[in-house]
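# Commentary on secondary and tertiary structure
If you want the building blocks of each chain, they are given just below.
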Amino acid sequence: MTEQSVAQASGTFTLGGDLTVNRLGFGAMRLTGKGVWGPPTDRDECVRVLRRAVELGVNFIDTADSYGPYISEDIIREALYPYDGLVIATKAGLLRTGPDVWIDLGNPSYLRQEVEMSLRRLAVETIDLFQLHRIDKNFPLADQVGELVKLKDEGKIRQIGLSEVNVDQLKAAQQITQIVSVQNMYNLSARGAEPLLDEATKQGVGFIPWFPLAAGPLAAADGPLQRIAADHHATPSQLALAWLLKRSPVMLPIPGTSKVAHLEENVAAAEITLTDDEFETLAAAGAQ
Ligand SMILES: NC(=O)c1ccc[n+]([C@@H]2O[C@H](COP(=O)([O-])OP(=O)(O)OC[C@H]3O[C@@H](n4cnc5c(N)ncnc54)[C@H](OP(=O)(O)O)[C@@H]3O)[C@@H](O)[C@H]2O)c1
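A brief structural summary.

Criteria and cut-off values
- Think of each chain on its own: its residues are numbered from 1, step by step along the sequence as written.
- Local features in this predicted model are restricted to residues whose pLDDT is 70 or higher, and side-chain atom pairs enter the listing and the counts only when it is 80 or higher, whereas totals over whole chains, interfaces and linings include all residues.
- Processing note: side-chain calculations cover all non-hydrogen atoms of the structure and skip hydrogens and water entirely.
- A run of H or I in DSSP counts as a helix once it spans at least four residues, and a run of E counts as a strand once it spans at least two, with each numbered from the N terminus.
- It is over C-alpha atoms that the radius of gyration is taken, and the globule rule equals 2.2 Å times the number of residues to the power 0.38.
- Only heavy atoms matter for contacts: two residues are in contact if any of them lie within 4.5 Å across the pair.
- The protein chains shown are the only cover counted for residues, whose accessible areas, like all others here, come from Shrake-Rupley with a 1.4 Å probe.
- We define proximity as follows: a residue is near a molecule or strand when any one of its heavy atoms falls within 4 Å of that partner.
- Under this definition, polar contacts are N or O atom pairs within 3.5 Å; protein pairs additionally need one hydrogen-donor-capable and one acceptor-capable atom, and for neighbouring residues in sequence, both atoms have to be side-chain atoms.
- Following the grouping adopted for this structure description, the nonpolar residues are Ala, Val, Leu, Ile, Met, Phe, Trp, Tyr, Cys and Pro, the charged ones are Asp, Glu, Lys and Arg, and the polar ones are all others, Gly among them.
- All axes here are fitted lines through C-alpha atoms, helices being fitted over the stretch that makes contact, and every angle between N-to-C directions spans 0 to 180 degrees.
- The cut-offs work like this: below 35 degrees is roughly parallel, past 145 is roughly antiparallel, 65 to 115 is roughly perpendicular, and the gaps in between are oblique.
- For any helix crossing, the convention is left-handed if the near helix is rotated counterclockwise from the far helix by under a right angle, and right-handed if that rotation is clockwise.

A tally of regular secondary structure across the protein chain gives 11 helices and 11 strands. Taken over C-alpha atoms, the radius of gyration comes to 18 Å for the protein chain, in line with the 19 Å a tight globule of 288 residues would show. Relative to all contacts within the protein chain whose residues are 6 or more apart in sequence, the contacts with residues 24 or more apart total 74%. Working note: accessible area of the protein chain is about 12,000 Å², and carbon and sulfur atoms make up 50% of it.

This is how it looks when you write it as structure tokens:
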């Protein structure tokens, strides 16, 4: 197996019938300082992480204006421009005023500004996938999504996605335009987004689970992850990712790290195929 084919082993998914990616991607939120604020401790290592991800076949990278803010997008440009064959997904809709502070802001003018600024930072004419980071209850959904539709019509956005939504919100947005992906917190032990995942699976909408590695106590030395991990010569993190990949064909995990060693470990999860029994054992353990 070539290095490029490691991430390919996760299979492919086509967003909106348009953008085909290997299902195991990379989340670039961790290429920043503590509290997702300011520069990372080791910027050079973050550049190496991104380049290594691409070497290993990762071609779907998730970021946002608010990561840093702006720093994650800057590092992506430094490491990967001109993004040959890559799909870079970004987002806006969260204001940052300090470490770990995230404030919804869906003012359509602000969304437009942030799309313009992401185009400039990433040095592209069109953003492949632009996700509304949060629906802001202070503005009509039609105005927030509507502004993204205008930007799509202007050629500045290619496809539109949503983040942290429920099924009703997805359907309401779909009354306005095509939604190719949703991104919600989801992992073995945090499965509140099951109804949304089931709807996304039914419709063929991409489901991007954030915080995919939060295996938590499941990774304990005598836990089910450890036992199945030993059978696969794998780590608990890899099992958590392999479980996600098996859960649905629309699942696009984006594990994040600032370290090449962790990246290599995570991408290798694409090569693990769980049996149905292993999948069920992990699902049951994660539900406890
Ligand atoms: N839409 C949203 O609202 C939203 C919210 C949060 C995140 N996201 C997206 O989802 C992506 C993933 O979420 P996330 O970063 O919160 O969670 P995650 O990928 O589950 O976990 C990342 C954390 O785990 C550590 N880690 C990664 N691989 C590891 C390994 N093999 N062994 C040990 N530790 C490891 C990382 O630290 P090291 O750097 O030390 O490896 C980092 O602290 C983000 O990058 C972002 O793109 C979206």
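So, on to the site of the ligand. Surveying the vicinity of the ligand reveals 24 residues, the closest of which are Asp62, Thr257, Ser258, Lys259 and His262. Here Ser163 contributes a side-chain N or O atom positioned 2.9 Å from a nitrogen atom of the ligand. Residue Leu213 places a main-chain N or O atom 2.7 Å away from an oxygen atom belonging to the ligand. Within the complex, 84% of the 900 Å² of free accessible area of the ligand lies under protein. With 3 residues, the top contributor of residues to the shell around the ligand is helix α10 (residues 260–267). The residue makeup of the shell around the ligand, split by class, is 9 nonpolar, 9 polar and 6 charged.

Across the interface, helix α2 (residues 43–55) lies against helix α3 (residues 71–80) with an axial gap of 9 Å and an inter-helix angle of 60°. Considered as vectors, α2 and α3 are oriented oblique to each other. Both α2 and α3 take part in a crossing whose hand is right-handed. Contact residues: α2 offers Arg43, Cys46, Val47, Leu50, Arg51 and Val54, while α3 offers Asp74, Ile75, Ile76, Glu78, Ala79 and Leu80.

Moving on: unusual backbone geometry. A cis amide bond links Gly68 to the next residue, Pro69, at an omega of -15°. Position of Pro69 relative to the elements: it lies in the loop between β4 (60–62) and α3. The omega torsion of the bond from Tyr81 to Pro82 falls at 10°, within 30 degrees of zero and hence cis. Of note, Pro82 is situated in the loop between α3 and β5 (87–92). Here the phi dihedral of Asp100 falls at roughly 60°; this positive angle occurs in a residue that is not glycine. Relative to the elements of secondary structure, Asp100 occurs in the loop between β6 (94–95) and β7 (103–104). A positive phi angle, near 55°, is found at Glu164, a position not held by glycine. By secondary structure assignment, the location of Glu164 is in the loop between β9 (157–163) and α6 (167–174).

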